Amino acid sequence: MSQNDLKPMKLIQGRFKASYGSFQLNAEFEAPAHGITAIFGPSGSGKTSLLRAIAGLNLIKEGFFRLGDEIWQDHDHFRPVHHRPLGYVFQEASLFAHLSIKANLLYGAPKLQAQHAIGFDEIVHLLGIGDLLDRAPHHLSGGERQRIAIGRSLLSQPKILLMDEPLSALDRQSKDEILPFLERLHESLSLPVLYVSHDMSEIERLADHLILMKKGCVHASGPLNELQSNPELPFIASSDAAVSLDAIVQSHNAADGMTQLNVAGGEFLVPSAFAHNGEHRRLRILAGDVSL
């Protein structure tokens, strides 16, 4: 066992209690400080309120937040939002109309880059926006604008990325366009992401960990596949109940278009246009497709 295996896993920990009129936020959670943690629940369950509390946009006196070794808020300390190293992606891209795409991307980026900073060229490549840099925002599609907003947040060199329903304002075609880029960011960057959504299909495609909100409280929290298969939670009774499995490409046969995916405890043979050996894939298995 290596020394790295002995190190405790870094965590995101939060606890917030506040009243907004008749709505009560009383949420406590813990999540890994890596990968994508989705915050899921119906409208009015407190998802955005929780995210704004984490960002420091809402001053909550009864609040606590820790990111790894850094405490951003406790009973006698509150770090204001402009001193919190975070990126925030809203439902609307809110780009500056008078600036080029390149200028939008670099807005807020520190002039002096740290040694392990997220690079401009890296983000341009990951988001596939190299041919957009000289354009104006009004010449872009909804999906392209949102990719720029994500890139701008990442180039601010955050220690965590907060995403508040970033695809909810997009049509289905734009969502399908941007999801592969979000998957690439997940695979390529070690930055932890808190991703708010009411769309379970997005979460099943992107998230590793899940926080389930209900009436301002955290109803459940844990690895996505464990919560999906928990009979005490509402997912199991859904008409599109499913489990999500992390898989690795073992082999791909170009002749018949079939790919062998290895998962913990077994393997699957699935149709796939192309796949590289060793690639990570997310496999979604609907309960309705399983027979015993």
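Use the structure listed above.
Please read all numbers here as calculations on a predicted model, not as lab measurements. (Residues numbered from 1 in each chain as written. Predicted model: local features only at pLDDT ≥ 70, side-chain atom pairs only at ≥ 80, totals over all residues. Heavy atoms only, no water.)

Peer 1: Whenever I open this one, the sheet that holds strand β13 (residues 258-263) confuses me. Can you help?
Peer 2: Across a sheet, strands are paired by hydrogen bonds formed along the backbone, either parallel or antiparallel in direction. As summarised here, the arrangement of the four strands in space is β14-β13-β12-β15, forming an open sheet in which the pairing is antiparallel. The two strands at the open ends of the sheet, each matched to only one other strand, are β14 (266-271) and β15 (280-286). Taking the axes of each pair of neighbouring strands and ignoring which way they run, one obtains an average angle of 45 degrees across the sheet. The pairing of β13 with β14 spans six bridges and is classified as antiparallel. Within the sheet, the bridge partner assigned to methionine 258 lies in β14 and is proline 271. (Pairing = 2+ DSSP bridges. Helix = DSSP H or I, 4+ residues; strand = E, 2+ residues; numbered from the N terminus. Axes fitted to C-alpha atoms, helices over the stretch in contact; angles between N-to-C directions.)

Peer 1: I keep staring at the sheet that holds strand β7 (residues 86-89) and nothing clicks. Help me out?
Peer 2: Strand order in the open sheet made by the six strands is β7-β8-β9-β3-β10-β11, with mixed pairing throughout. At either margin of the open sheet sits one strand with a lone partner, and together these are β7 and β11 (217-223). Pairwise comparison of adjacent strand axes, ignoring direction, gives a mean angle of 15 degrees for this sheet. Set on the sheet, helix α2 (residues 47-55) makes contact with β3 (36-40), β7, β8 (160-164), β9 (193-197) and β10 (209-214); between it and β8 the angle comes to about 150 degrees. Taken strand by strand, helix α5 (residues 142-155) contacts β7 and β8, and its axis lies near 165 degrees from that of β7. (Contact = heavy atoms within 4.5 Å.)

Bear in mind that shape data such as this cannot, by itself, settle questions of function.
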